[in-house]
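What follows is the residue order along each chain.
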Amino acid sequence: MIKKVHVRTIGCQMNVYDAERMKDILRLLEYEDTEKPDDADLVIFNTCYIREKASAKLFSEIGKLTPYKNAKKAKGQRMVIAVAGCVAQALGDEIKSRVPFVDIVLGTQAYHRFSNALEVVLKQNSQVVDTEFPPESKFDFLPENKTNAVSAFLAVQEGCDKFCHYCVVPYTRGAEYSRPIESIMKEADILLQQGVKEITLLGQNVSAYHGIGKDGKTNSLSGLIHKIADIKELTRLRIMTSHPMDITEELIDCFANVPKLMPFFHLPVQHGSDKILKAMNRKHDADYYKRLIERIRKKRPDIAMSSDFIAGFPGETDKDFEDMLSLVKEIGFAQAFSFKYSSRPGTPAADMPNQIPEEIKEERLYRLQDLLRSQQLAFNRNMIGKKTKILFDDNGKHGDKIFGRTPYMQPAFIELTGNIRENLLGQEREVVINEAVLNNVKGKLV
Ligand code: SAH
Ligand code: SF4
Ligand code: F3S
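Every value quoted in this text rests on a predicted model; they were computed, and no experiment measured them. Residue positions are given per chain, counted from 1 along the sequence in the order it is written. To label them, take the chains in the order written and letter them from A, then take the ligands in the order written and number them from 1. Restriction of local features to residues with pLDDT of at least 70 applies here, the model being predicted, together with a cutoff of 80 or more for giving and counting side-chain atom pairs; totals for whole chains, interfaces and linings are based on all residues. As a rule here, side-chain values come from all non-hydrogen atoms in the structure, and water together with hydrogens is ignored.

*Asks:* Tell me about the site of ligand 1, and please be specific about residues and values.
*Replies:* In these notes, residues near a molecule or strand are those with any non-hydrogen atom within 4 Å of it. Residues in contact with ligand 1 amount to 14 residues; listed here are only the nearest, Gln204, Thr241, Gln270, Asp308 and Ser342. Tyrosine 166 places a polar main-chain atom, nitrogen or oxygen, 3.0 Å from a nitrogen atom of ligand 1. One nitrogen or oxygen atom from the main chain of glutamine 204 is found 2.6 Å from a nitrogen atom belonging to ligand 1. Across the complex, the protein chains shield 89% of the 540 Å² of accessible surface that ligand 1 would expose by itself. Looking at the shell around ligand 1, the elements that each hand over two or more residues are strand E15 (304-311) and strand E16 (335-340). Across the shell around ligand 1, the residue classes tally to six nonpolar, four polar and four charged. Contacts described as polar in this section are N or O atom pairs within 3.5 Å, which, within protein, must combine one atom able to donate a hydrogen with one able to accept it, while residues neighboring in sequence count only if both atoms come from side chains. Surface accessibility in these figures is a Shrake-Rupley result with a 1.4 Å probe; residues are shielded only by whichever protein chains are displayed. A helix here means a DSSP run of H or I that spans at least four residues, while a strand means a run of E at least two residues long, and both kinds are numbered starting from the N terminus. Three categories are distinguished: nonpolar for Ala, Val, Leu, Ile, Met, Phe, Trp, Tyr, Cys and Pro, charged for Asp, Glu, Lys and Arg, and polar for the others, with Gly belonging to the last.

What follows is the structure in structure tokens.
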């Protein structure tokens, strides 16, 4: 009998990738995906621990499944509930004791053992908590990556050794690990054979990639980019996300010399005040970041820069905050994510004095986002009248329009005439942009 699995994923692209890989495992166990949890045989919460808001909701969300779980039980069936991802890794046993009807808690480096966990739950009727960082790499045990997408993620690096003072990732994802080149190339081939045209190489800190090649030599991210870009079937390549201290000249050169590597660079800076950057343990100052962007723009003038910012870090004064706004003004971002500082258990910043009151954090975030939005709009508007290429990656219902992305990552809606929609999916075509708003651009095929 075909069983049903409902997966809820929040958090970063790595979590999205993990969700797909869990589905690959479950497909072999004859589970098919379902949009609704109501009648699912298995519900997976693939969680994020980065800020309090994301993790706090988990317990109430699980609670909402109680009626469905009971209804299934009344029919003599069972709904297995699993918590995976970063909250599972961070809280482990606490989840089991707070919500006894959670059957499986599976950490970020242990989800290749999903089948074993399910077997224990279904056959022995006991709970499983597996939050080990096992000696083996999960990537060696995952089945083939199945997809029908045009654009796919490929995890090449995981974990982080940077220990920024606000961040839980080094604890939830573990130490920095790079997959060997061969294993990555094999996965890239499998994706491309299934029709994927764009690959995003993922890592919590992808710029620190240092994977072993067939010849036993270590490859940097730039080496990996060259190897993947050489695959004929690939149209576009992207990387996500990087740390300023790991950006080499060879990587910058890739943006200039590897045509398939798209001119969009997500390079989180977090702040613009040297004092706060130091307190954050970022290991660089504002000037270093500004000079780095200068070097990148010298080699690839049209590059779209993206970043992450945290407002209201402990000790942030009005002056520090103004320094952040000045950095944003000086650089000009095509897009950015910005967050209120959220105190995370176990991180050094949680115990720092001078925590910023909520109202001030909110006010500062609002001002920061206002500035970032105006830059994003300006960047989008700057495309009006220009020719660019769109990779069409979504055949969804957009009326007479088809969706794709510009090289700069902007969502784009392109007007269609006649019945050419089918042919365009997966193709990269030239368009002219004639309209731009904050969140997307619109255009026509040329
Ligand atoms: N590995 C990536 C992203 C880490 S998490 C990187 O270093 O770039 C994504 C973003 O969440 C971070 O860049 C940071 O801006 C934000 N973030 C992390 N911890 C946070 C916290 N405690 N409060 C608010 N934002 C946080
Ligand atoms: Fe977190 Fe810093 Fe590592 Fe990014 S570089 S994952 S912000 S510790
Ligand atoms: Fe969240 Fe874990 Fe990603 S904490 S941001 S899902 S690495």
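Picking up where we left off.
*Asks:* Tell me about the pairing of strand E18 (residues 401-405), and please be specific about residues and values.
*Replies:* By definition, two strands form a pair when at least two bridges between them are found by DSSP. The sheet contact formed by strand E17 (residues 387-394) and E18 spans three bridges and is antiparallel. Bridging across to E18, phenylalanine 392 finds its partner in glycine 404. When E18 meets strand E19 (residues 411-415), the two strands line up antiparallel, connected through five bridges. By the bridge assignment for E19, phenylalanine 403 is matched with phenylalanine 413. Between E18 and E19, which pair antiparallel and follow one another directly, the connecting turn spans five residues, one of which, methionine 409, has a positive phi of 80 degrees.

*Asks:* Before we move on, can you summarise the site of ligand 3 with the specific residues and values?
*Replies:* Neighbouring ligand 3 are the residues Cys12, Asn15, Cys48, Tyr49, Ile50, Cys86, Arg173 and Gln204. Of the residues that constitute the shell around ligand 3, the class distribution is five nonpolar, two polar and one charged.

*Asks:* Account for the packing of aromatic side chains, with residues named and values stated.
*Replies:* Note on aromatic pairs: the rings of Phe, Tyr and Trp (six-membered ring only in Trp) are paired at centre separations within 6.5 Å, and the planes decide the class, stacked below 30 degrees, edge-to-face beyond 60, tilted for the rest. Following the criterion strictly, the structure yields eight aromatic pairs and no others. Judged by centre distance (5.6 Å) and plane angle (70 degrees), the rings of phenylalanine 163 and tyrosine 171 are edge-to-face. Relative accessibility decides the category of a residue: with a 1.4 Å probe and only protein chains considered, values under 20% of the type maximum give buried, values over 50% give exposed, and everything between is partly exposed. What makes tyrosine 171 partly exposed here is its relative accessible area of 41%. A centroid spacing of 5.9 Å and a plane angle of 80 degrees characterise the contact between phenylalanine 379 and tyrosine 408, whose relative ring orientation is edge-to-face. Here phenylalanine 379, found in helix H14 (residues 358-381), pairs with tyrosine 408, found in the loop between E18 and E19; they are 29 residues apart in sequence, far enough to count as distant. With a relative accessible area of 19%, phenylalanine 379 lands in the buried category. Exposure remark for tyrosine 408: the relative accessible area of 15% places this residue in the buried category. An aromatic cluster is defined as three or more aromatic residues linked by ring pairs; in this entry it consists of Tyr166, Phe313 and Tyr341. Two conditions define a charge sitting above a ring: the NZ of Lys or the CZ of Arg must be within 6 Å of the ring centre, and it must be within 35 degrees of the ring normal. The residue whose ring lies beneath arginine 51 is phenylalanine 339, and the NZ or CZ to ring-centre distance is 3.6 Å. The lysine or arginine in question, arginine 344, covers the ring of tyrosine 49, its NZ or CZ lying 4.4 Å from the ring centre.

*Asks:* I'd like a rundown of the packing of helix H13 (residues 318-331) against H14, residues and numbers included.
*Replies:* Orientation is described by lines fitted to C-alpha atoms, with helices fitted over the stretch in contact, and by angles between N-to-C directions that extend from 0 to 180 degrees. In contact at an axis separation of 10 Å, H13 and H14 are set at 10 degrees when each is read in the N-to-C sense. As far as their axial angle goes, H14 and H13 are roughly parallel. Note on element contacts: H14 touches H13 through Arg364, Arg367, Leu368, Leu371, Leu372 and Gln375, opposite Asp318, Phe321, Glu322, Met324, Leu325, Val328 and Lys329. Class assignment of the residues belonging to the contact of H13 with H14 gives a composition of seven nonpolar, one polar and five charged. In what follows, roughly perpendicular refers to angles from 65 to 115 degrees, roughly parallel to angles under 35, roughly antiparallel to angles over 145, and oblique to any angle outside these ranges. In what follows, residue pairs with any heavy atoms lying within 4.5 Å of each other are defined as contacts.

*Asks:* Give a description of the environment of glutamate 20 that names residues and reports values.
*Replies:* Looking at the secondary structure, you find glutamate 20 in helix H1 (residues 13-28). Along the primary structure glutamate 20 and lysine 227 are separated by 207 residues, whereas in three dimensions their C-alpha atoms are 24 Å apart.

*Asks:* Could you give an account of the environment of tyrosine 111, with specific residues and numbers?
*Replies:* One can find tyrosine 111 in the loop between strand E5 (104-106) and helix H6 (114-124). A relative accessible area of 1% places tyrosine 111 in the buried class. Contacts of tyrosine 111, omitting those with residues within four sequence positions, involve Tyr17, Asp18, Arg21, Met22, Ile25, Leu106, Lys138 and Leu142. At 2.8 Å, the side chain of tyrosine 111 forms a polar contact with the side chain of aspartate 18.

*Asks:* So what's going on with the sheet that holds strand E10 (residues 198-202)? Which residues, and what values?
*Replies:* Reading across the sheet, the three strands line up as E7-E10-E13 and stay open at both edges, with parallel pairing between neighbours. Sheet topology places strand E7 (151-155) and strand E13 (236-240) at the edges, where each strand pairs with a single neighbour. Averaged over all neighbouring strand pairs, the angle between strand axes comes to 25 degrees, with direction disregarded. Relative to E10, E7 runs parallel, the two being bridged by five bridges.

*Asks:* Go over the pattern of salt bridges with me, naming the residues and quoting the values.
*Replies:* Note on definitions: salt bridges are taken to be side-chain nitrogens of Lys or Arg within 4 Å of carboxyl oxygens of Asp or Glu. On inspection of all chains with the given rule, the structure shows 42 salt bridges. One salt bridge connects aspartate 39 with lysine 75, and the closest N-O pair in it is separated by 3.7 Å. Residue aspartate 39 is found in the loop between strand E2 (31-33) and strand E3 (42-47), and its partner lysine 75 is found in the loop between helix H3 (66-74) and strand E4 (80-84); the two are separated by 36 residues along the sequence. Look at aspartate 39 and you get partly exposed, because its relative accessible area is 34%. Judged by its relative accessible area of 55%, lysine 75 falls in the exposed class. Two residues, glutamate 316 and arginine 364, come together in a salt bridge whose shortest N-O distance is 2.8 Å. Of the two residues, glutamate 316 sits in the loop between E15 and H13 while arginine 364 sits in helix H14, which places them 48 residues apart along the sequence. According to the relative accessible area criterion, glutamate 316 is buried, its value standing at 3%. Given a relative accessible area of 5%, arginine 364 falls into the buried group.

*Asks:* Any details on the nonpolar core? Residues and values, ideally.
*Replies:* Ranked by internal contacts, the top residues of the largest apolar core, which has 54 residues, are Ile199, Leu201, Ile225, Ile239, Phe265 and Phe309. By residue number, the principal contributor to this core is H13, which donates six residues. Take the buried Ala, Val, Leu, Ile, Met, Phe, Trp, Tyr and Cys residues and link them wherever side-chain atoms come within 4.5 Å; each set so joined is a nonpolar core. In terms of nonpolar packing, the next biggest core, distinct from the first, is built from 46 residues, Val7, Met240, Ile402 and Ala412 among them.

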